[in-house]
Amino acid sequence: MPVYCITGANRGLGLEFVRQLAKTPDNTIIATTRSMSSDLDDLKAVSSSNTHILECDTGDPSSIESFTSETKKVLSGKKVDFLLNNAGVNSVPTQNSLSIGPEDLQREISINVIGPAKTVESFIAQDLLAQNARIMNMSSGLGSMSVNLSINPRKCATYGISKAGLNMLTVHQSGDLKGKLSDVIVICMDPGWVKTRMGGEGAVLEPEVSIGGMLKVLHGLKDGDNGKFFTYTGEEVKW
Ligand SMILES: NC(=O)c1ccc[n+]([C@@H]2O[C@H](COP(=O)([O-])OP(=O)(O)OC[C@H]3O[C@@H](n4cnc5c(N)ncnc54)[C@H](OP(=O)(O)O)[C@@H]3O)[C@@H](O)[C@H]2O)c1
């Protein structure tokens, strides 16, 4: 049965991934949390006996290294079939292109872009990914140039710039990983505007619907999908 790894699983969309996947008790799930001292009650409540909760601060490359070593021990020879780089931040949503805080942008890039890059790099170094691994980088419509051109006034500049960077990372990973894993598929996804802490006021989608759709897309991926950007309904998003 498949092995799933989900970052940022203690709440929000990551938690919903675990809730749905843990309903199939044979699924092995690596569910990560930024800190083991976070409130993990919700995550423990939805976990199966095959769910392993591990610490990974995706904004800290040394934490990612420790986490992948720990994952290697936990899986003892098994490989990860689905790596879902879900953890992310949008901590300064009111900044626009004329008020970007350099440290804010650096932090968002560190978590939203460098985190998924280093996680994949470290999984490759530890030989933890299956030959036909599916890697999903959790993006946003706000990471699409085309979508942003139609949003007036523009919003969440700092976050959007980081997610556009994540989209470009996806395109590079989809090429670079082909030399390492013959049947790998790397994509990025827009989950829709979902009712989580990040989604905030006005969000329209239930996490159950967004994640149910994303899992359907992930389970139906074909070779030609490598390097593409999809919505949770499976439609391709224009860059
Ligand atoms: N909700 C939406 O409408 C929406 C729309 C588009 C894209 N997204 C994307 O979907 C993903 C999940 O968002 P969400 O709505 O579930 O947000 P959320 O409710 O704010 O949850 C974010 C998750 O990411 C974790 N995280 C943040 N920084 C981390 C770090 N440095 N190391 C490890 N974990 C970290 C958080 O852990 P802590 O509890 O420790 O902070 C939390 O588990 C994000 O990538 C987000 O950009 C969401």
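Coordinates for the structure precede this section.
Everything numeric in this text was worked out from a predicted model, so none of it was measured.

A. Here's a closer look at the environment of Asp41. Looking at the secondary structure, you find Asp41 in helix α2 (residues 41-46). Taking C-alpha positions, Asp41 is 8.4 Å from Asn10, a pair spaced 31 residues apart along the chain.

B. Looking closely at the sheet that holds strand β5 (residues 129-138). Ordered in space as β3-β2-β1-β4-β5-β6-β7, the seven strands form an open sheet in which the pairing is parallel. Two strands bound the open sheet, and with one partner strand each, they are β3 (51-55) and β7 (229-231). Shown here is a sheet whose adjacent strand axes are inclined to one another by a mean of 20°, direction ignored. Contacting β1 (3-6), β4 (80-85) and β5, helix α4 (residues 102-125) crosses the sheet at an angle of about 160° to β4.

C. Here's a closer look at the packing of helix α1 (residues 12-21) against helix α7 (residues 207-219). Interaxial distance between α1 and α7 falls to 9 Å at its minimum, and their mutual angle equals 65°. The angle between α1 and α7 places the two elements in the roughly perpendicular class. The hand of the α1/α7 crossing is right-handed. Packed against α1, whose contacting residues are Leu13, Glu16, Phe17, Arg19, Gln20 and Leu21, the element α7 presents Pro207, Glu208, Ser210, Ile211, Gly212, Met214, Leu215 and Leu218 at the interface.

D. Molecular detail of the environment of Ala9. Inspection of the secondary structure puts Ala9 in the loop between β1 and α1. A relative accessible area of 0% means that Ala9 is categorised as buried. Between the C-alpha atom of Ala9 and that of Ala31, which follows or precedes it by 22 residues, the distance is 5.5 Å. Apart from the residues within four sequence positions on either side, Ala9 is in contact with Gly14, Leu15, Val18, Ala31, Thr32 and Leu43.

E. Structural context of the pairing of β4. Burial within β4 is extensive, with six of its six residues counted as buried. Across three bridges, the pairing between β1 and β4 is parallel. The residue of β4 that forms the bridge with Cys5 is Leu83.

F. Summary view of the site of the ligand. Taken together, 28 residues sit near the ligand, with Arg11, Arg34, Asn86, Tyr159 and Thr196 positioned nearest. At 3.2 Å, a backbone N or O of Gly8 approaches an oxygen atom of the ligand. Val194 is positioned such that a nitrogen or oxygen atom in its backbone is 2.8 Å from an oxygen atom of the ligand. Burial of the ligand by the surrounding chains reaches 94%, relative to a free accessible area of 890 Å².

Thresholds applied
- Residues numbered from 1 in each chain as written.
- Predicted model: local features only at pLDDT ≥ 70, side-chain atom pairs only at ≥ 80, totals over all residues.
- Heavy atoms only, no water.
- Helix = DSSP H or I, 4+ residues; strand = E, 2+ residues; numbered from the N terminus.
- Pairing = 2+ DSSP bridges.
- Axes fitted to C-alpha atoms, helices over the stretch in contact; angles between N-to-C directions.
- Contact = heavy atoms within 4.5 Å.
- Parallel < 35°, antiparallel > 145°, perpendicular 65-115°, else oblique.
- Left-handed = near helix turned anticlockwise from the far one by under 90°.
- Buried < 20%, exposed > 50% of the residue type's maximum accessible area, 1.4 Å probe, protein only.
- Near = heavy atom within 4 Å.
- Polar contact = N/O pair within 3.5 Å; in protein donor to acceptor, adjacent residues only side chain to side chain.
- Areas by Shrake-Rupley, 256 points an atom, 1.4 Å probe, with all protein chains shown as cover.

The values reported here are purely geometric and, on their own, carry no functional implication.
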